[in-house]
Amino acid sequence: MSRENPNVKGSQEPLTSPGLSVGIYLLRLLGLAILDSFALWFLYHLYQDQVWFMFVVILVITMGINLVFLIERLHPFRWMSAGLSLMILLVIYPLGFTIYNAFTNYNQTHLLSKPQAVGALENEKYLPGDAPVYSWTAFRSTEGSFALWLISPDGETFLTIPGEPLQQPRSGEAGVGMLDDKGIPTTLNGYIRLSRADSVKYLTELTNLQFGIEPEVIVVMSISKAARYEQKYTYNPELDQLLDNETGVIYRPVDGNFTSPSGEQLTPGFHITVGWRNFSKLFRSPALRGPLLIVFVWTLTFSLLSVLFSFSFGLILALSLHRSLLPNWTKKSIRSVLLLPFIIPFFLSVLIWRGMLNPNIGIVDRFTEYLFHWSIPWFTDPFWAKTGIILINVWLSYPYMMMISMGALQSIPEDLYEVAELDGATSWQQFWGITLPLLLISVGPLLVFSFAGSFNNFGLIYLYNYGGPPIPNTITPAGYTDILISYVYNTAFTGNGNYSYASTVTIVIFLILTIFTLLQFKYTRIWEEVYKNV
Amino acid sequence: MSKSDPKQKRSSSITRQKRLNVLVSSLVALLGMGFALFPFPWIISAALDPLNVLSMQTFLPKRIALDNFISLFTDPTRPYLQWLFNSLKISSVTAILVVFITSLGAYAFSRFRFPGRRGLMFSLLLVQVYPNILAMIALFIIVWQIGRYIPGLGLDTHGGLIMVYLGGAMGGNIWLMKGFFDTVPKELDESAWIDGASHWQVYIHIILPLIRPILTVIGILTFIGVYGDYLIARILLTSADKLTLAVGMQGLINLNYNVVWGQFSAGAILGALPILIIFYSTQKLIVSGLTQGAVKG
C-alpha cells in the first residue's frame, strides 16, 4: 500500500485551490494573532509574578501551536494541537509539578511565589497612632459601588471613592448636592445616600473596601468611624528585606518566610525548594513511616482482594449463565439486572451502602442485631471497616468482571470440552484444565488493569469512611482503610494542607505504578503488541 | 429389554441433567440478582416514605407520599436541582468537547504518516499509567494559579473543572478512537481526494458519519465518567450552588444519615435516572465498546 512509498502517497494528498488557501491562510494568521496576544498577556503576568514553571509550559504550548500552523510540513500536528496542548497543561505539567513539589515547602501558607507574597504583604495596612478619625456617610450607586462622605473632628469634609484620590468638593461641585444641617450632601450624582440602617446592611462590604488611593487609604472601621490607614510593609528589592512601617522592624526571607531578627514570621510565606528534606522526613520519622507502611500494605491488600473476589463472583455468574439452558430472553434480562450495580453512579451506591450499614440505624445493622444481637462495627473497627469496603467494591465491580468473562467464555471452542468429556474429565477438571487457563489469557490483562485501577479508587475509600478509623498518634491524618491516594488527599486537603509532603507520597505511588509497568514490559507482551499495532 | 433401552436411558438422564442445569443456573442467577438488587427496594421505600428517618425505616412504608421529593426541591440551603443541572451541564459539555478534540487527533494519527508518530502515540498510552488525578495537588495549585489571571478557569468555576476533565480524557480516548478510524478503509479517502476533497472535508463528510457509533460510545462513556467523578469536583468546587451532584449529595448526607435519609434516597433515584436511561437505551453499543476498548487498553 501507499505506506511503503511515501513519495507516491504524498502526490496523492489533497490539494486545495489557491484562492481558498489564501483565505484560509489569512484566517489562520488572524487566529494565531488573537491566540498570541492573549498568550503574551498571560505570559507577561506569569513573568511578573515569577511563576516560572507555568510560564515555561504556556510558552512551550504557544510556540508549538505557532510552529505547526506556520510550517506546512508540520500539518499533521495541527489536528492534534488542541488535544496535545490540553494534555501538556493538565497531565504532563501536573505530573512534573508534583515531582517538583516534593522538593519544595508548598503548603497552605506557602502557596505564593516570593513576588506574590511580597505583593500580598505590601497590601496590608495599619492604623497609625496619630491618624485622623472621621465620621462617615455612605452613598451607593445602582451598580453597587460606594462613595463615602467624611467629616473630620475639626469639621473638614471630604469625598472619597475607591481608586480615586481624596477630594474636598463644596456643594455644587463634583455632583455634590445641597448639604443638610450636619454638613452631609443630600444628593450625590449617580449615587443614593444610605440611611443608617442601610449602612449597617452593607457594613461588611464597606469595611472590605479601600477608599482613595495609595498612600492615602481610607478604611471603614465601624458603623461610626473611618480612618486613614497606611501601608504596613515596604519591600526593599536591593536589600531583599521588608520594613515594618509601624514598628521599624526589618524582616528578611528565611526558609520561605519573612522573619524578624527575633524569629517572628509573616504570613503568607512563599515557596522555596528544600532539597531532599521531605524524603528524609518520610523515611526517618517513625510517626510518618509507620502509617505510610500500614497504608501501603492495605492498598495492595485492598486491590488484590477486590479483584480476586469480584472476579470469582463475576465468573461464577458468567459460567452459570453461559452453560445455562435457560431461554435466551431470560438470560438477557438476568444480565441486564446483574449490570445494575455497575451502572448506578458509584458515589450514590457507596453512600447508600454506608447508610444501610450505619450502626444502630441502618438496615443491615438492624438485621444483624436482630439475628445475632450484635451490631457489627462497620466504621469503627479496622477489620470490619476493611470488610465493608471490600464487600461494597465486590458489589460495584463484579458486573464488569461478569461482562468480560462472558465475552471470553464465548471464544473458547466447544470441541475442547467434547474431547475432554471423551477422556472422562469431570466438569471440575474441565474448569481448572480448560476454562480457567484459556479465560485468563484473554481476561488477564483486564484483571491487571483493574488491580492497578483499584490503587486509585479514591471515591470508594473516602465516601465510605474518609479512610477511617484513624490510626492513633500520627503527625498527618491517616486511617486504617486509607489507600495511598486517599492518604495523599487527607494530607493535602485536611489539617494544615501539607502539599509538599503529600506530593512526596504521590511519588511513592508513581514508583509503584512504574515498577508495575516495567513488570508488564518484562513478563507480558501487552506493550510490545501495542507498540507494533500503532 | 429392547435395543432402544440404553438410548432411552440416556435421553432421560439428559433431561435430568437439563433440569439440574436449569435449577442450578437459576439458583445462582437468583443469588446474584438478590445481591445486585438488595439496596434498591430499601431506597425506593425510603424515598416514598414521608417519615424521612433511617432508624425508623420499614420495608413497606406506612404511608406513601412525595414529601421527600418536594422538600428536596424546595430546600434553599441544598440546591439539589441546581446540582443535578450542574452535573448534567458539565458532563455534556465535557463529553462533546472530548469527542470533538480527540477525534481530530485520532484522525491525524490514523491518516498521516509523519516522523515521531509512533513514539508520540506510544507516549500517549504510557502517560495513561499515571492518571492525572494522582497529581491532584498540582492540579489544585495550577487551577488556582490560572484563576488568578483568568477568573473563569479558576477554583470554584465550572470552566476550570471542565478543563481538568478534558486534559485527563485526551490520551486514552485519542488512542481508542484511532483504532476505530483505522477500520475505515483508506481507499474511501483517496477516492474523495480525487474528487477534490480536502482532509477537512474527508474528516467531516466521510469518516465522522462512518464512525458515529463509536463517537457516541466515547461521548457516553465520558459523560458517565464525569458524572460519577467525585475527587476532582470535590477539590475544585466549594460554593453550594456550583457543586456537582456527587459532591452535593455527599455533603447532604454526611453525618446526617438519620435525618435526611428519605430526601437522600429521593435524590439518589433521580440522580441515577439520567445514567440508567442513557445506559439502557444504548446498552449494546456500550457493552461492545467497553469490552473492546478495555482490550485495547
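Predicted model, so just to flag it, every value in this text is computed and none were measured.

1. Quick notes on the interface of chain B and chain A
- In this complex, chain B contributes 108 residues to the contact, which on the side of chain A involves 109 residues.
- Of the roughly 9,900 Å² buried at the junction of chain B and chain A (both faces included), carbon and sulfur atoms supply 79%.
- At the junction of chain B and chain A, the tally comes to twelve residue pairs in polar contact (both at pLDDT 80 or more).
- Looking at the side of chain B that touches chain A residue by residue, the class counts come to 76 nonpolar, 22 polar and ten charged.

2. Digging into the pairing of strand β4 (residues 157–160) of chain A
All names here are of chain A.
- Here strand β3 (residues 146–151) pairs with β4 via four bridges, running antiparallel. Residue pairing in the sheet places L150 in a bridge with F158 of β4.
- Counted between consecutive antiparallel strands, the loop separating β3 from β4 contains five residues, among which G155 sits at a positive phi close to 90°.

3. A short note on the packing of helix α4 (residues 75–101) of chain A against helix α4 (residues 80–111) of chain B
- At a closest axis distance of 8 Å, the pairing of α4 of chain A and α4 of chain B adopts a crossing angle of 135°. One element, α4 of chain A, and the other, α4 of chain B, form an angle in the oblique class. Regarding α4 of chain A and α4 of chain B, the two cross each other, and that crossing is left-handed. Of α4 of chain B, the residues touching α4 of chain A (which contributes P76, W79, M80, A82, G83 and L86 of chain A) are I101, L104, G105, Y107, A108 and F109 of chain B.
- Here the residues of the contact of α4 of chain A with α4 of chain B are counted per class, giving ten nonpolar, two polar and no charged.

4. Focus: the packing of aromatic side chains
- Per the stated rule, a full pass over the model turns up 63 aromatic pairs over all chains.
- Ring plane angle 40° and centroid distance 6.2 Å describe the contact between F109 of chain B and F114 of chain B, whose orientation is recorded as tilted.
- The class of F109 of chain B is buried, set by a relative accessible area of 0%.
- On the basis of an interplanar angle of 90° and a centroid distance of 5.5 Å, the ring pair of F279 of chain B and Y280 of chain B is categorised as edge-to-face.
- By way of ring pairs, the aromatic residues F458, Y462, Y466, Y489, F493 and Y499 of chain A together with F140 and Y230 of chain B are connected into one cluster.
- Taking the ring centre of F379 of chain A as reference, the NZ or CZ of R354 of chain A above it sits at 5.9 Å.

5. Concerning the sheet that holds strand β9 (residues 241–244) of chain A
All names here are of chain A.
- Here we have four strands laid out as an open sheet, ordered β8-β9-β10-β11, and antiparallel in their pairing. The sheet is open, and its two edges are formed by β8 (233–236) and β11 (257–259), each paired on a single side. Within this sheet the neighbouring strands show an average axis-to-axis angle of 35°, counted without direction.
- Alignment of β9 against strand β10 (residues 250–254), held across two bridges, turns out to be antiparallel. Looking at β10, one finds that L243 is bridged to I250.
- The sheet contacts of helix α5 (residues 114–122) involve β8, β9, β10 and β11, and relative to β8 the element is tilted by about 145°.

Rules used throughout
Residues numbered from 1 in each chain as written. Chains lettered and ligands numbered in written order. Predicted model: local features only at pLDDT ≥ 70, side-chain atom pairs only at ≥ 80, totals over all residues. Heavy atoms only, no water. Contact = heavy atoms within 4.5 Å. Buried area = accessible area lost by both parts, 1.4 Å probe. Polar contact = N/O pair within 3.5 Å; in protein donor to acceptor, adjacent residues only side chain to side chain. Nonpolar A, V, L, I, M, F, W, Y, C, P; charged D, E, K, R; others polar. Pairing = 2+ DSSP bridges. Helix = DSSP H or I, 4+ residues; strand = E, 2+ residues; numbered from the N terminus. Axes fitted to C-alpha atoms, helices over the stretch in contact; angles between N-to-C directions. Parallel < 35°, antiparallel > 145°, perpendicular 65-115°, else oblique. Left-handed = near helix turned anticlockwise from the far one by under 90°. Phe/Tyr/Trp six-rings, centres within 6.5 Å; stacked < 30°, edge-to-face > 60°. Buried < 20%, exposed > 50% of the residue type's maximum accessible area, 1.4 Å probe, protein only. Lys NZ or Arg CZ within 6 Å of the ring centre and 35° of its normal.

Everything listed is a geometric property; what it means functionally is a separate question.
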